[in-house]
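# Per-entry structural report
These are the residues of each chain, in order.
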Amino acid sequence: MEVEEMDYSSEKKQAGENCVVCGQEKVAGIHLYTSFICTECEKTMIHTETSDPNYKFFVHQLRKVTKPEIYS
Ligand SMILES: [Zn+2]
């Protein structure tokens, strides 16, 4: 019974999605094209300077989002 209740409550919870940046399953976030970016990564990106080495990482990850297919 307890297990069933747990299942029920977890089902009621919004299903998480895999963030394209951190790769973790998160519930809160934004959708960019067909991809999902969690709130944490979104905030981190906003506060990351373009000179920051981490910025390159974000850009690299987001390249997958903005260019899901390569048209030449
Ligand atoms: Zn993330």
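Residues numbered from 1 in each chain as written. Predicted model: local features only at pLDDT ≥ 70, side-chain atom pairs only at ≥ 80, totals over all residues. Heavy atoms only, no water.

For the protein chain, the name recorded in an unreviewed UniProt entry is Sigma factor G inhibitor Gin, with Mesobacillus zeae as its organism.

### Topic: the packing of aromatic side chains
Aromatic ring pairs: the centre-centre distance and the angle between the two ring planes describe each pair. Filter applied, for reference: Centre distance within 6.5 Å is the pairing criterion for rings of Phe, Tyr and Trp, where only the six-membered ring of Trp is used; planes under 30 degrees apart are then read as stacked, over 60 as edge-to-face, and the remainder as tilted. Note on exposure labels: buried denotes an accessible area under 20% of the residue type's maximum, exposed denotes more than 50%, and partly exposed covers the range between, all computed with a 1.4 Å probe on protein chains only.
For the structure shown, the criterion picks out one aromatic pair. For the pair Phe 57 and Phe 58, a centre-to-centre distance of 5.9 Å together with 55° between the ring planes defines the contact as tilted. Since its relative accessible area comes to 40%, Phe 57 is described here as partly exposed.

### Here's the deal with the coordination of the zinc ion
Ideal donor angles around a metal are set by the shape: a four-donor tetrahedron calls for 109.5 degrees, a six-donor octahedron for 90 or 180 degrees. Going by this rule: In this description, a donor is an N, O or S atom within 2.8 Å of the metal centre, a cutoff extended to 3.2 Å for sodium, potassium and calcium. Water is not part of the atom list, which can make sites seem incomplete. We count a stretch as a helix when DSSP gives it H or I for four or more residues in a row; a strand needs E for two or more, and each element gets its number in order from the N terminus.
At 2.3 Å from the zinc ion lie its protein donor atoms, namely Cys 19 (SG), Cys 22 (SG), Cys 38 (SG) and Cys 41 (SG). Donor residues for the zinc ion sit on one chain with the sequence pattern C-x2-C-x15-C-x2-C. Note that Cys 19 is positioned in the loop between strand E1 (17–18) and strand E2 (25–26) and Cys 38 in strand E4 (residues 35–38), a separation of 19 residues in sequence. Residue classification places Cys 38 among the buried positions, given a relative accessible area of 1%.

### With respect to the environment of Tyr 55
Keep this limit in mind: Any pair of residues with heavy atoms lying within 4.5 Å of one another is described as a contacting pair.
Relative to the elements of secondary structure, Tyr 55 occurs in helix H3 (residues 53–66). You can call Tyr 55 partly exposed: its relative accessible area is 30%. Residues Tyr 55 and Thr 44 lie 11 residues apart in sequence; the distance between their C-alpha atoms is 9.5 Å. If sequence neighbours within four positions are ignored, Tyr 55 has contacts with Thr 48, Glu 49 and Thr 50.

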